[in-house]
Amino acid sequence: MVQLQLLRALGEFLLTHEVRARLGLVGLALLVVVTVGIRARRTGLAVGAAIVFTLLMAQA
């Protein structure tokens, strides 16, 4: 259980660092919106932000 939490924390850190390096504040904000949408069970918000995030990552 501790290993799973450590892997998740490491994954979040690496993803956040990569987003900040490539897209800056906008990418980080979209990543936060995706996370909030998933936790709040708002699929429309999460899917919309994920699509915009994917398009921005494809452009970078």
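Just above, that's the structure.
Structural notes, computed from the coordinates. Only a predicted model underlies this, so the values are computations on that prediction, with no experimental measurement involved.

## Some remarks on the overall build of the protein
Here's step 1: Looking only at helices and strands, the protein has two helices and zero strands in total.
Here's step 2: In terms of overall dimensions, the protein has C-alpha extents of about 35 × 30 × 15 Å along its principal axes.
Here's step 3: Relative to its full complement of 60 residues, the protein shows a buried share of 15%.
Here's step 4: Once local pairs closer than 6 in sequence are excluded, the contacts in the protein between residues at least 24 apart make up 37%.

## Let's talk about a nonpolar patch on the surface
Here's step 1: Judged by side-chain polarity, Val32, Val33, Val36 and Leu45 come together as a nonpolar surface patch covering roughly 300 Å² of accessible area.
Here's step 2: Per-element tally for the nonpolar patch: the top contributor is helix α1 (residues 2-39), with three residues.
Here's step 3: By the element assignment, Val36 lies in helix α1.

## Let's talk about unusual backbone geometry
Most peptide bonds adopt trans geometry, and most residues besides glycine take a negative phi value.
Here's step 1: At Arg41, a position not held by glycine, the phi torsion is positive, near 60°.
Here's step 2: Mapping Arg41 onto the fold places it in the loop between α1 and α2 (43-59).

## Considerations on the nonpolar core
Here's step 1: Core analysis: the largest hydrophobic core is formed by six residues, namely Val19, Leu30, Leu31, Val34, Ala49 and Phe53.
Here's step 2: Of all the secondary structure elements, the ones that give two or more residues to this core are α1 and α2.
Here's step 3: If you tally residues by element for this core, the top one is α1, at four residues.
Here's step 4: With residues up to four places along the chain from it excluded, the contact list for Leu30 reads Ala49, Val52, Phe53 and Leu56.

## A word on the packing of α1 against α2
Here's step 1: At a closest axis distance of 8 Å, the pairing of α1 and α2 adopts a crossing angle of 165°. By the angle class used here, α1 and α2 are roughly antiparallel. The two elements α1 and α2 meet at a crossing, and its hand is left-handed. Contacts from Val19, Arg22, Leu23, Val26, Gly27, Leu30, Leu31, Val33, Val34, Gly37 and Ile38 of α1 reach α2 at Leu45, Ala46, Ala49, Ala50, Val52, Phe53, Leu56 and Met57.
Here's step 2: Looking at the contact of α1 with α2 residue by residue, the classes come out as 16 nonpolar, two polar and one charged.

Rules of the game
Residues numbered from 1 in each chain as written. Predicted model: local features only at pLDDT ≥ 70, side-chain atom pairs only at ≥ 80, totals over all residues. Heavy atoms only, no water. Helix = DSSP H or I, 4+ residues; strand = E, 2+ residues; numbered from the N terminus. Buried < 20%, exposed > 50% of the residue type's maximum accessible area, 1.4 Å probe, protein only. Contact = heavy atoms within 4.5 Å. Patch = residues over 30% accessible without salt bridge, like charges linked within 9 Å, V, L, I, M, F, W, Y side chains within 5 Å. Areas by Shrake-Rupley, 256 points an atom, 1.4 Å probe, with all protein chains shown as cover. Salt bridge = Lys/Arg side-chain N within 4 Å of Asp/Glu carboxyl O. Core = buried A, V, L, I, M, F, W, Y, C linked by side-chain atoms within 4.5 Å. Axes fitted to C-alpha atoms, helices over the stretch in contact; angles between N-to-C directions. Parallel < 35°, antiparallel > 145°, perpendicular 65-115°, else oblique. Left-handed = near helix turned anticlockwise from the far one by under 90°. Nonpolar A, V, L, I, M, F, W, Y, C, P; charged D, E, K, R; others polar.

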